[in-house]
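Each chain, letter by letter, is given below.
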Amino acid sequence: MRQDTDTTARSGQAAPGNEGIGRNRPAPPLTYVRFDERPLRRIPQLFIGLALYGFSMAVMVRAALGLSPWSVLNEGLEKHTSLSFGTLTAVVGVSVLLLWIPLRQRPTFGTAANIVVIAFSSDLGLTLIPEGLALPERVGLLLAGIFANALSVAVYVGARFGPGPRDGLMTGASALTGRSLRVVRTFIEVSVLAIGWLLGGGVGLGTVLYALAVGPVTQFFLPRFAYTSPHVTGSRPSS
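Residues numbered from 1 in each chain as written. Predicted model: local features only at pLDDT ≥ 70, side-chain atom pairs only at ≥ 80, totals over all residues. Heavy atoms only, no water.

Take the pattern of salt bridges next. Enumeration according to the criterion identifies two salt bridges in this entry. Of the charged contacts in the structure, one is a salt bridge between R34 and D36, with a shortest N-O distance of 2.7 Å. Of the residues examined, R34 reaches a relative accessible area of 46% and is grouped as partly exposed. Its salt-bridge partner being E189, residue R185 comes within 3.7 Å of it at the nearest N-O pair. Note that R185 and E189 are positioned in helix α8 (residues 181-198) at a spacing of four residues, about one turn of the helix. Taken individually, R185 and E189 each receive the classification buried, so the pair is uniform in this respect. (Salt bridge = Lys/Arg side-chain N within 4 Å of Asp/Glu carboxyl O. Buried < 20%, exposed > 50% of the residue type's maximum accessible area, 1.4 Å probe, protein only. Helix = DSSP H or I, 4+ residues; strand = E, 2+ residues; numbered from the N terminus.)

In structure tokens:
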């Protein structure tokens, strides 16, 4: 979120949305954990979280009251192409991966799953949820979508399979520039939001509510879903 919001940290760096947890309690471990460590426990959590994330994006689109920054970009691009919202989510994700090259980021299983599952589940949600709903229904969709989105981030990030494309861009740029993750994330998401808005993507009250609510809600749920590895610091993807 972020789109699509992808939110996992590497090299011991806090994940986006996880800053500040330690003010009240120790932050849960979110560094990458090897694929072969308890996969039957972690893979279902990853896929459930990603599916919920994509579906929550569709819920916010149907609310038509404002989207998260990366969804604004996807919706703006949709107005200028024949591709579906979910397909554009995947296209943008793959394009962002190209920016990983100079940042020396390496994709993981979680990175690939992020692209595929979110694209599919967001298009499925748009198929199932009707357009043109009344305002009270749209407000309900917006609130439910924001909550589900924040919860889904905690679920899939907690599985610790590595960052999605957008989160890897944020953490990699932060490491390269020495700027804080909060500053880098803000710069990237404001830039993405501006481009999406210029393309015709939906910016509104939902955009503001998303920015205010998704972080705190994610922080609340992260400790409840973070997988605890027997290794203290986790492992890095093999080079």
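Bringing the environment of V214 into the picture now. With respect to the element layout, V214 can be found in helix α9 (residues 205-225). A C-alpha to C-alpha distance of 9.3 Å links V214 and A148, two positions 66 residues apart in sequence.

The pLDDT averaged across the chain works out to 88; a share of 85% of its residues lies at or above 70. Contacts from residues 233-239, a stretch scored under 50 in pLDDT, to residues over four places away or in other chains number 15 contacts. (pLDDT = per-residue confidence, 0-100. Contact = heavy atoms within 4.5 Å.)

Turning our attention to a nonpolar patch on the surface. Residues F55, F120, L124 and L128 make up a contiguous nonpolar surface patch of about 410 Å² in total accessible area. Looking at the nonpolar patch element by element, the count peaks at three residues for helix α5 (residues 109-128). (Patch = residues over 30% accessible without salt bridge, like charges linked within 9 Å, V, L, I, M, F, W, Y side chains within 5 Å. Areas by Shrake-Rupley, 256 points an atom, 1.4 Å probe, with all protein chains shown as cover.)

Now for α9. For α9, built from 21 residues, the straight-helix expectation of 30 Å at 1.5 Å per residue is met to within 8% by its first-to-last C-alpha distance of 29 Å. The principal kink in α9, of about 35 degrees, is found at A213, preceding the proline P216 by one to four residues. Buried within α9 we find G206, T207, Y210, V214, G215, T218, F221 and L222. (Expected span 1.5 Å × (residues − 1). Bend = angle between axes of the 7 residues up to and from the residue.)

This paragraph deals with the nonpolar core. Nonpolar side chains in soluble globular proteins tend to be buried together. Membership of the largest hydrophobic core comes to 36 residues, with the highest contact counts inside it found for L46, L50, Y53 and Y156. Those residues within four positions of L50 in sequence are excluded, and the remaining contacts are A113, N114, V117, I118, S121 and Y156. Grouped together as the second largest cluster of nonpolar side chains are 13 residues, V96, L103, L169 and V184 included. (Core = buried A, V, L, I, M, F, W, Y, C linked by side-chain atoms within 4.5 Å.)

Moving on to the packing of aromatic side chains. In the structure shown here, the tally under the stated rule is eight aromatic pairs. Ring geometry for Y53 versus Y156: centroids 5.9 Å apart, planes at 85 degrees, classification edge-to-face. Taken as a pair, Y53 in helix α1 (residues 39-63) and Y156 in helix α6 (residues 135-158) lie far apart in primary sequence, 103 residues in all. Their ring planes at 85 degrees and their centres at 5.0 Å tell us that F220 and F221 sit as a pair that is edge-to-face. For F221, a relative accessible area of 16% gives the class buried. These aromatic residues form a ring-pair network of at least three members: F35, F47, F109 and F161. Directly above the ring of Y227 sits R42, whose terminal nitrogen or CZ lies 5.4 Å from the centroid. (Phe/Tyr/Trp six-rings, centres within 6.5 Å; stacked < 30°, edge-to-face > 60°. Lys NZ or Arg CZ within 6 Å of the ring centre and 35° of its normal.)

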